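Reading the structure
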Amino acid sequence: MTDAHAHALQDAQDRLRRAVVRHRGEPVGTVAARDGRAETLNYDQVFVRDFFPAGLALLAQGEHAVVRGFLRAVLSLQVQEAHLDCHLPGRGALPASFKASEGRLEADYGDKAIGRVVPADSVFWWVWLLRAYGRATGDDALAREAGFQAGLRRAFELCLTTQFDMYPTLLVPEGAFMIDRRMGVYGYPLEIQALFFLALRAGLELLSDDAAHRPLRAAMAARAGKLAHFVREHYWLDWERLNALYSHPGEQYGASVRNRFNVNPAAIPAWLYDWLPDEGGYLIGNLGPGRMDFRWFAQGNLLAALGGLLAPAQAAAALALVAARWEDLVGRMPLKLVYPALTGADWERLTGHDVKNAAWSYHNGGHWPVLLWVWSAACLRAGRGDWARRALESAGERLCAHGWPEYYDGRSGRLLGKQARRGQTWTMAGFLLGHALLEEPARLAWLAFDGEVEPLACSL
Ligand code: GLC
């Protein structure tokens, strides 16, 4: 390790500790960013999704209290009662973020956030963190507390509720996850499906087997199997599959047809034919009636590889694709969030002329160093620690010199993000957690699962 690299690690560690937020004297999370220059907006809040890697990085440093405090604080903010109030998300939902103010926790369920987006991912990050906390500390008693058991039950009842659709995937509004702005990601975005699957697996370990939980547990297990089958079958793309899609018939009616979603081959974008490598494949970004979003989304693919939503051979192929397209997807600052960027009329129409999401910037093709942790974890699980190390080593020095920015811009991530916050907590955490995993690969068991979920075929 170079001196500069060691210095980056120390700096990230010190800053992460300083980012801890207290409520009535107890630690309850970390602020999203501390940047003296930029407008604060809501970056002074504790974001549930941002805390996941921060919590894991703190666990790796032996700091348990803050993770416990966070898990309790978020539970206290869960929507507890069934209600008919259209201004509150359903029972079981969690906020995107909260802040400790004058002895109170003030939550934002999307009622104040820019664009008024309701998070669907918070509940999944919380469940998965609860499981990771137990793994890392050996403290299983927390999840067994009656309050946590009730919280888990509410969370899964919310996700398994049937509404106006019949896919095993979960239907969510625009921007309901890390991409929390308009980007054409409404419907059945991959990241939500990968997180849902992880949470189902974690939940099955955490929710007790009491008679009262049995029907819910059975539904959770069945859903995980159906989700695995559906995603592996319909989201997976490689040359074999692309060839099949290319000559898909249309307008087919009935239970067993080839082109179930009536996707027109003319909708396959031209860039894909040049870009898709011979070896490797990936999960497309979204799937619905007449719609396949062929963009590559980093977090969804890596979470699917890490959590077992992808079969082992597909997971290896998904990582091989990144290695084959290293310049595009890893570039100078791991990793690109989405490839390729929306440009021109697509950008106008799908983002609503969102200037922050201009092509190759921010969510629209920017590079997010927070993804270093999930990249490292997915690589380790697939036995490719060398790819994880390659990405991490190229990043540390620059991240520290630039003051831990939120994101980078440009096709290869050489530009500092135009509106990137500095002192961004999950940037430090992504780097630290990537290191913690490489240094001690046994920590992968905090995140990953043993064995495989048996895929269950379904008629859709
Ligand atoms: C931005 C990101 C979101 C993140 C938040 C706080 O809104 O899009 O994913 O949680 O900043 O860092």
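Our subject is the structure listed above.
Below, the structure is looked at part by part. (Residues numbered from 1 in each chain as written. Predicted model: local features only at pLDDT ≥ 70, side-chain atom pairs only at ≥ 80, totals over all residues. Heavy atoms only, no water.)

**With respect to the sheet that holds strand β5 (residues 104–108)**
- Reading across the sheet, the three strands line up as β3-β4-β5 and stay open at both edges, with antiparallel pairing between neighbours. Two strands lie at the open edges of the sheet, namely β3 (46–47) and β5, each paired on one side alone.
- Of the strand pairs in this sheet, strand β4 (residues 97–101) and β5 are connected by five bridges, and their pairing is antiparallel. Bridge pairing in β5 places Ser-97 opposite Asp-108.
- Each of β3, β4 and β5 touches helix α3 (residues 65–76); the most contacted strand, β4, lies at about 100 degrees to it. (Pairing = 2+ DSSP bridges. Helix = DSSP H or I, 4+ residues; strand = E, 2+ residues; numbered from the N terminus. Contact = heavy atoms within 4.5 Å. Axes fitted to C-alpha atoms, helices over the stretch in contact; angles between N-to-C directions.)

**A few points about the site of the ligand**
- The immediate surroundings of the ligand are formed by Ala-32, Tyr-43, Phe-47, Arg-49, Asp-50, Met-178, Asp-180, Tyr-362, His-363, Glu-406, Gln-424 and Trp-426.
- A distance of 2.5 Å is found between an oxygen atom of the ligand and a side-chain nitrogen or oxygen belonging to Asp-50.
- The contact in question runs from an oxygen atom of the ligand to an N or O atom on the side chain of Gln-424, over 2.9 Å.
- Starting from 310 Å² of accessible surface for the ligand in isolation, the protein chains cover 95%.
- Within the shell around the ligand, the residues separate by chemical class into six nonpolar, two polar and four charged. (Near = heavy atom within 4 Å. Polar contact = N/O pair within 3.5 Å; in protein donor to acceptor, adjacent residues only side chain to side chain. Areas by Shrake-Rupley, 256 points an atom, 1.4 Å probe, with all protein chains shown as cover. Nonpolar A, V, L, I, M, F, W, Y, C, P; charged D, E, K, R; others polar.)

**Quick word on the packing of helix α2 (residues 48–60) against helix α4 (residues 122–137)**
- As a packed pair, α2 and α4 sit with axes 9 Å apart at the nearest point and diverge in direction by 10 degrees. When the axes of α2 and α4 are compared, the pair comes out roughly parallel. Contact residues: Val-48, Arg-49, Phe-51, Phe-52, Leu-56 and Leu-59 in α2; Ser-122, Trp-125, Trp-128, Leu-129, Ala-132, Tyr-133, Ala-136 and Thr-137 in α4. (Parallel < 35°, antiparallel > 145°, perpendicular 65-115°, else oblique.)

**Digging into the packing of aromatic side chains**
- Counting across every chain of the model gives 26 aromatic pairs.
- For the pair Tyr-362 and Trp-368, a centre-to-centre distance of 5.4 Å together with 40 degrees between the ring planes defines the contact as tilted.
- Here Tyr-362 falls in the buried class, since its relative accessible area comes to 5%.
- Across from the ring centre of Tyr-408, 5.7 Å away, lies the NZ or CZ of Arg-398, which sits over that ring. (Phe/Tyr/Trp six-rings, centres within 6.5 Å; stacked < 30°, edge-to-face > 60°. Buried < 20%, exposed > 50% of the residue type's maximum accessible area, 1.4 Å probe, protein only. Lys NZ or Arg CZ within 6 Å of the ring centre and 35° of its normal.)

**Side note on the sheet that holds strand β8 (residues 291–297)**
- In spatial order, the strands read β6-β7-β8-β9; together these four strands make up an open sheet with antiparallel pairing. Whereas interior strands pair on both sides, the edge strands pair on one side only; in this sheet they are β6 (236–237) and β9 (338–339).
- With four bridges connecting them, strand β7 (residues 282–288) and β8 associate as antiparallel partners. Opposite Asn-286, over in β8, you have Asp-293 as the bridge partner.
- The strands that helix α8 (residues 214–234) touches are β6, β7 and β8; relative to β7, the one it contacts most, it runs at about 105 degrees.

**Notes on helix α9 (residues 239–246)**
- Looking at α9, one finds that the buried residues are Arg-241, Leu-242 and Leu-245. Down the axis of α9, the buried set is contained in an arc of 100 degrees. They therefore lie on one face. Facing away from the buried side of α9, by more than 90 degrees, are the exposed residues Glu-240 and Tyr-246. (Arc of directions from axis to C-beta.)

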